[in-house]
Amino acid sequence: MLVAVPLCLVRREWTPADLRTLKKHSKDRTPVLKISKEMKRTVGALRQKTLVLGVGLGHQR
């Protein structure tokens, strides 16, 4: 019998180094999936943070 185990949310604060990295990738137009894997954060978390910071994310068509 399998028992469902609830997933634990892991929230990490944004460090100044994280913000610098995110802004650098924004300027370089790095694809969002690549940034996500490098920073070990979800695409949604990255998009939300850039929205708050007022910077773009990924390439623009």
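Cut-offs and rules
- Residues numbered from 1 in each chain as written.
- Predicted model: local features only at pLDDT ≥ 70, side-chain atom pairs only at ≥ 80, totals over all residues.
- Heavy atoms only, no water.
- Helix = DSSP H or I, 4+ residues; strand = E, 2+ residues; numbered from the N terminus.
- Expected span 1.5 Å × (residues − 1).
- Buried < 20%, exposed > 50% of the residue type's maximum accessible area, 1.4 Å probe, protein only.
- Arc of directions from axis to C-beta.
- Contact = heavy atoms within 4.5 Å.
- Core = buried A, V, L, I, M, F, W, Y, C linked by side-chain atoms within 4.5 Å.

Draft legend 1. Main features of helix 1 (residues 16-28). Between the first and last C-alpha of helix 1 there are 18 Å, a value that for 13 residues agrees with the 18 Å anticipated at 1.5 Å per step. Inspection of helix 1 places Asp 18, Leu 22, His 25 and Ser 26 among the buried residues, and these make up the whole buried set. When helix 1 is viewed along its axis, its buried side chains cluster within an angular range of 105° and face the same direction. Away from its buried face by more than 90 degrees, helix 1 exposes Pro 16, Arg 20, Lys 24 and Lys 27. Buried residues belonging to helix 1 abut helix 2 (32-39) and helix 3 (43-53).

Draft legend 2. Structural detail: the side chain of Ser 36. On the secondary structure map, Ser 36 appears in helix 2. For Ser 36, the residues in contact, after removing those within four places along its chain, are Arg 41, Thr 42, Val 43 and Leu 46.

Draft legend 3. A look at the nonpolar core. Among the nonpolar cores identified, the biggest contains six residues, and these are Leu 22, Val 32, Ile 35, Met 39, Leu 46 and Leu 57. Residue contributions to this core peak at three residues, all from helix 2. When sequence neighbours within four positions are dropped, the list of residues in contact with Met 39 reads Arg 12, Trp 14, Asp 18, Thr 21, Leu 22 and Leu 46.

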